[in-house]
Amino acid sequence: GAVVSQHPSWVICKSGTSVKIECRSLDFQATTMFWYRQFPKQSLMLMATSNEGSKATYEQGVEKDKFLINHASLTLSTLTVTSAHPEDSSFYICSLTGTLSYEQYFGPGTRLTVT
Amino acid sequence: RKEVEQDPGPFNVPEGATVAFNCTYSNSASQSFFWYRQDCRKEPKLLMSVYSSGNEDGRFTAQLNRASQYISLLIRDSKLSDSATYLCVASQAGTALIFGKGTTLSVSS
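Because the structure is a prediction, the values reported are computed rather than measured.

Description of the pattern of salt bridges
All names here are of chain B.
Working step 1: All chains considered together, the criterion is met by seven salt bridges over all chains.
Working step 2: In this structure, the salt-bridge partner of arginine 37 is aspartate 39, at a minimum N-O distance of 3.0 Å.
Working step 3: Using a relative accessible area of 32% as the deciding quantity, one classes aspartate 39 as partly exposed.
Working step 4: In this structure, aspartate 77 and lysine 79 form a salt bridge, with 2.9 Å as the shortest nitrogen-oxygen distance.
Working step 5: With a relative accessible area of 37%, aspartate 77 lands in the partly exposed category.
Working step 6: Assessed through its relative accessible area of 31%, lysine 79 is described here as partly exposed.

Encoded structure:
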């Protein structure tokens, strides 16, 4: 299967700052990547679908101006949390679809803590 | 109504026990179904796919009932290492996965 990396694996930032999270596909060209968010004891919730070379598709309730997604190449998608607040503290995970449309491969996740 | 609903748990069982998790999904257009395992503070990892004919992988058996929109996972002879959260997943081909909230299993010696 595909190997997916995320950077950073964890980050602590102050309220009001912006944080960029990178998701890289190390051995697979992904036209589509997904960004999920998981709060403690909650399910993974899809935030947006990142499409290479075009705008991301956001799920209802996710602010596109706050969570900026850029899918600049077939191996890199970035999620920027702008003007972060403590309520944005969460586990952010990216995934991509493999050769077979039902396969999905997850990155190791980024734990964001906003103080 | 949530798209994928699971037993709330937690399930606390002794080693060697058999435990079953249930899950229902609301989107009848869902085509693919999975069980994922998630350890604390880690990303989810695919445990097994679920087919209408049922499938077995060692101590794990998964079953799908499309008419009832119901998915199950049976774990036999539980091991300490099975302690984790088990996520039920439904999706349409090529789209993002829809996760259930997860059921926590704790196996004790």
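Next comes the rest of the description.
Description of the pairing of strand E5 (residues 45–49) of chain B
Residue and element names in this part refer to chain B.
Working step 1: Of the pairings in the sheet, the one linking strand E4 (residues 32–38) to E5 comprises four bridges and is antiparallel in character. Across the sheet, tryptophan 35 pairs through a bridge with methionine 48, a residue of E5.
Working step 2: In this structure, the hairpin formed by E4 and E5 is closed by a connection of six residues, where arginine 41 is found at a positive phi of approximately 65°.

Examining the environment of Phe11(B)
Residue and element names in this part refer to chain B.
Working step 1: Mapping phenylalanine 11 onto the fold places it in strand E2 (residues 11–14).
Working step 2: Overall, phenylalanine 11 belongs to the partly exposed group, its relative accessible area being 22%.
Working step 3: Separated by ten residues in the primary sequence, phenylalanine 11 and phenylalanine 21 have C-alpha atoms spaced 9.2 Å apart.
Working step 4: The contacts of phenylalanine 11, once residues within four sequence positions are left out, are Val19, Ala20, Phe21, Thr103, Thr104, Leu105 and Ser106.

Conventions adopted
Residues numbered from 1 in each chain as written. Chains lettered and ligands numbered in written order. Predicted model: local features only at pLDDT ≥ 70, side-chain atom pairs only at ≥ 80, totals over all residues. Heavy atoms only, no water. Salt bridge = Lys/Arg side-chain N within 4 Å of Asp/Glu carboxyl O. Buried < 20%, exposed > 50% of the residue type's maximum accessible area, 1.4 Å probe, protein only. Pairing = 2+ DSSP bridges. Helix = DSSP H or I, 4+ residues; strand = E, 2+ residues; numbered from the N terminus. Contact = heavy atoms within 4.5 Å.

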